[in-house]
Amino acid sequence: MNIILDPNEVEEYRKKYTVLELDTIKFQPVGKCVTAYCIVDKLKMTELPQVETKSAVHHNLMSNYRQRNWQDCLAALDQLDGFWSGQLDSFYEEIRCRIAKYIDNDPGKDWDATIEKTVTTE
């Protein structure tokens with residue numbers, strides 16, 4: 001699996017591959033936000049007929065995540081675990097862990113689903 005950070009490349013890759021949205025990352029201290037996407041490049045033959053359906057489930061997962069619809073997210077994760085030849089399983093597990101934390105401790109009204117990463121600006 002490869003990751004795309006350049007939004008200008010996403011549509012070009014979608015012509016040949018399945019491209020799925022991952023996290024939006026806010027780089028601090030500059031405050032620049034970039035959405036990461038993955039290119040799913042290895043699939044099992046048995047998965048091919050379900051790619052369109054699972055892509056929609058993944059899209060809904062990310063939409064529901066941003067809207068804090070935690071139970072809908074968990075249901076989607078149950079459908080997605082193990083799919084994509086397992087390439088996204090670690091991402092799905094990370095989302096599942098975040099949701100468990102957010103269910104126990106509301107992330108607050110200012111939460112916007114972005115992940116903050118600190119970069120040095122030298």
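Above this text sits the structure in question.
Residues numbered from 1 in each chain as written. Predicted model: local features only at pLDDT ≥ 70, side-chain atom pairs only at ≥ 80, totals over all residues. Heavy atoms only, no water.

Draft legend 1. Spotlight on the packing of aromatic side chains. In total, this model carries eight aromatic pairs according to the counting rule given. Ring centres of Tyr65 and Trp70 lie 5.9 Å apart, and the angle between their planes is 65°; this geometry places the pair in the edge-to-face category. Trp70 carries the same exposure label as Tyr65, and that label is buried. Consider the rings of Trp70 and Tyr102, whose centres lie 5.4 Å apart with planes at 35°: the pair is tilted. Taken together, the positions of Trp70 in helix H3 (residues 70-80) and Tyr102 in helix H4 (residues 89-104) put the pair 32 residues apart, joining distant regions of the chain. The pair formed by Trp70 and Tyr102 is uniform in burial state, with each residue classed as buried. Clustering of aromatic rings is evident, with ring pairs tying together Tyr65, Trp70, Tyr102 and Trp111. The residue whose ring lies beneath Lys54 is Phe83, and the NZ or CZ to ring-centre distance is 5.4 Å. (Phe/Tyr/Trp six-rings, centres within 6.5 Å; stacked < 30°, edge-to-face > 60°. Buried < 20%, exposed > 50% of the residue type's maximum accessible area, 1.4 Å probe, protein only. Helix = DSSP H or I, 4+ residues; strand = E, 2+ residues; numbered from the N terminus. Lys NZ or Arg CZ within 6 Å of the ring centre and 35° of its normal.)

Draft legend 2. Inspection of the pairing of strand S2 (residues 18-28) at higher detail. Within S2, eight of the 11 residues are buried, which leaves the element mostly enclosed by the surrounding structure. Where S2 lies against strand S3 (residues 32-40), eight bridges are found, and the strand directions are antiparallel. Paired with Thr24 across the two strands is Thr35, which belongs to S3. In textbook terms, the turn of a hairpin is the stretch between consecutive antiparallel strands, and for S2 and S3 this stretch comprises three residues, one of which, Gly31, has a positive phi near 80°. Across four bridges, S2 lies against strand S4 (residues 115-118) in parallel orientation. Bridge pairing links Lys26 to Glu116 in S4. (Pairing = 2+ DSSP bridges.)

Draft legend 3. Just the nonpolar core, in detail. Ranked by size, the top nonpolar core spans 27 residues in total, and within it Leu61, Tyr65, Trp84, Leu88, Tyr92 and Ile99 carry the most contacts. With six residues, the top contributor of residues to this core is H3. The residues touching Leu61, leaving out its near neighbours within four places in the chain, are Cys73, Ala76, Leu77, Leu80, Tyr92 and Ile95. Ranked by size, the runner-up nonpolar core spans five residues in total, among them Ile4, Val10, Val19 and Tyr37. (Core = buried A, V, L, I, M, F, W, Y, C linked by side-chain atoms within 4.5 Å. Contact = heavy atoms within 4.5 Å.)

Draft legend 4. Main features of a nonpolar patch on the surface. A cluster of nonpolar side chains, namely Met1, Ile3 and Leu5, defines an oily patch on the protein surface of about 270 Å² accessible area. Its place among the elements puts Ile3 in strand S1 (residues 2-4). Ile3 gets classed as partly exposed once you look at its relative accessible area, which sits at 48%. (Patch = residues over 30% accessible without salt bridge, like charges linked within 9 Å, V, L, I, M, F, W, Y side chains within 5 Å. Areas by Shrake-Rupley, 256 points an atom, 1.4 Å probe, with all protein chains shown as cover. Salt bridge = Lys/Arg side-chain N within 4 Å of Asp/Glu carboxyl O.)

Draft legend 5. Up close: the sheet that holds S4. Strand order in the open sheet made by the four strands is S1-S3-S2-S4, with mixed pairing throughout. Among the strands making up the open sheet, the edge pair consists of S1 and S4. On average, adjacent strands in this sheet sit at an angle of 40° to one another, irrespective of strand direction. (Axes fitted to C-alpha atoms, helices over the stretch in contact; angles between N-to-C directions.)

These values are about where atoms sit, not about what they do.
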